[in-house]
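So you can see what is in the structure, the chains are spelled out below.
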Amino acid sequence: MRRFIVAANWKMHFVLEEALNVARDMAKDIKASVEVIVFPPAVFIHPVFEIFKQTHLKLGAQNIYFEQKGAFTGEISAAMVKSLGCEYVIVGHSERRHIFSESDIEVHKKVKAAIENDLKVVVCVGETLKEREQNKAFDVVERQIVSALDGIDLEKVVVAYEPVWAIGTGVAADVKTITQMHNFIRELVENVPILYGGSVKDSNAFELGNIDNVDGFLVGSASLKSDSFSNIIAAFEKAKGVGSA
Ligand code: PGA
């Protein structure tokens, strides 16, 4: 059976009180039949867990370090986020790859560390505008997926296709581009949920949710408010014909 997931990536937004307010609103507003995961900044995971524990909302971390433990000042391990109640972790987000120069090798090590600690992983892949213009989009995505998932049990894996040029721009990739890439990814990872990310909002969620191999969304900016995030979930459920929407 296909698994549908809508996820919120809060990135480096909010101070404590703001995060708690949004978490409380989401706990109240969201009645989804699809899986909903929220990825708060690591420092807010514990208090958000306290708010979510009576709900169906799941928690994840935006990043981990691949070592189990030790002298790695400032880093956070898979076991640590697991112990805070996280079920998921995002690995290889384009901001990690491009701003923090994370390599395919590091991404693979992080995926491995997450799985070893019984976390599920959202592996992000996607080409830059330059790579797309040079007709390298499919090669780049294939390389990122093959390298990240080498020897990994796919049971615990979710892939998120996030073209770098569509993230945070307000302009999502078009239906044709997403359809082609998701069909291509489906050939590489048959039974894995494939999310789309990059400027998903309430106005395009229904149209994008209608694409066959789009199994959900990873939402940034539009997940910072409970109402826009709830609207995206409702539009996605309507597109897939699930839930009460
Ligand atoms: P965006 O971010 O929705 O703000 O484009 C998506 C993401 O980076 O996951």
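Please refer to the structure higher up on the page.
The present account deals with the structure reproduced in this document. Since we're looking at a predicted model, the values are computed, not measured.

**Regarding the packing of aromatic side chains**
Then, number 1: Inspection of the entire model under this criterion finds seven aromatic pairs.
Then, number 2: When the centroid spacing of 4.5 Å and the interplanar angle of 35° are considered together, the rings of Tyr65 and Phe66 count as tilted.
Then, number 3: With a centroid separation of 5.2 Å and 55° between ring planes, the pair formed by Tyr65 and Phe72 is classed as tilted.
Then, number 4: Linked through ring pairs, Phe4, Phe217 and Phe236 together constitute an aromatic cluster.
Then, number 5: A cation over a ring is seen here: Arg96 above Phe100, with NZ or CZ 4.2 Å from the ring centre.
Then, number 6: Across from the ring centre of Phe206, 5.5 Å away, lies the NZ or CZ of Lys238, which sits over that ring.

**A word on the site of the ligand**
Then, number 1: Taken together, 13 residues surround the ligand, and among them Lys11, His93, Glu162, Gly168 and Ser221 come closest.
Then, number 2: Between the ligand and Gly168, the relevant distance is 2.6 Å, taken from an oxygen atom to a main-chain nitrogen or oxygen of the residue.
Then, number 3: With the chains in place, 99% of the 280 Å² that the ligand exposes on its own is no longer accessible.
Then, number 4: According to the grid-proximity analysis, the pocket containing the ligand is the second largest pocket.

**Focus on the packing of helix α5 (residues 104-116) against helix α7 (residues 137-148)**
Then, number 1: Closest axis-to-axis distance for the α5/α7 pair is 8 Å, and the angle between their directions is 40°. The orientation of α5 with respect to α7, classified from their angle, is oblique. In the crossing of α5 with α7, the sense of the turn from one axis to the other is right-handed. Residues Asp104, Val107, His108 and Val111 of α5 lie in contact with α7, whose contacting residues are Arg143, Gln144, Ser147 and Ala148.
Then, number 2: Broken down by class, the residue content of the contact of α5 with α7 amounts to three nonpolar, three polar and two charged.

**Concerning the pattern of salt bridges**
Then, number 1: Following the criterion strictly, the structure yields 18 salt bridges and no others.
Then, number 2: For Arg186, the salt bridge identified is with Asp215, shortest N-O distance 2.7 Å. Here Arg186 is found in helix α8 (residues 175-188), whereas its partner Asp215 is found in the loop between α9 (205-209) and β8 (216-219), with 29 residues between them in sequence.
Then, number 3: Look at the salt bridges and you will find they share partners, linking Arg3, Glu35, Lys58, Glu87 and Lys120 into a network.

Procedures and definitions
Residues numbered from 1 in each chain as written. Predicted model: local features only at pLDDT ≥ 70, side-chain atom pairs only at ≥ 80, totals over all residues. Heavy atoms only, no water. Phe/Tyr/Trp six-rings, centres within 6.5 Å; stacked < 30°, edge-to-face > 60°. Lys NZ or Arg CZ within 6 Å of the ring centre and 35° of its normal. Near = heavy atom within 4 Å. Polar contact = N/O pair within 3.5 Å; in protein donor to acceptor, adjacent residues only side chain to side chain. Areas by Shrake-Rupley, 256 points an atom, 1.4 Å probe, with all protein chains shown as cover. 1 Å grid on protein atoms, 1.4 Å probe; cavity = no way out; pocket = protein on both sides within 12 Å on 5 of 7 lines; lining within 4 Å. Sits in = over half its atoms within 2 Å of the grid points. Axes fitted to C-alpha atoms, helices over the stretch in contact; angles between N-to-C directions. Helix = DSSP H or I, 4+ residues; strand = E, 2+ residues; numbered from the N terminus. Parallel < 35°, antiparallel > 145°, perpendicular 65-115°, else oblique. Left-handed = near helix turned anticlockwise from the far one by under 90°. Contact = heavy atoms within 4.5 Å. Nonpolar A, V, L, I, M, F, W, Y, C, P; charged D, E, K, R; others polar. Salt bridge = Lys/Arg side-chain N within 4 Å of Asp/Glu carboxyl O.

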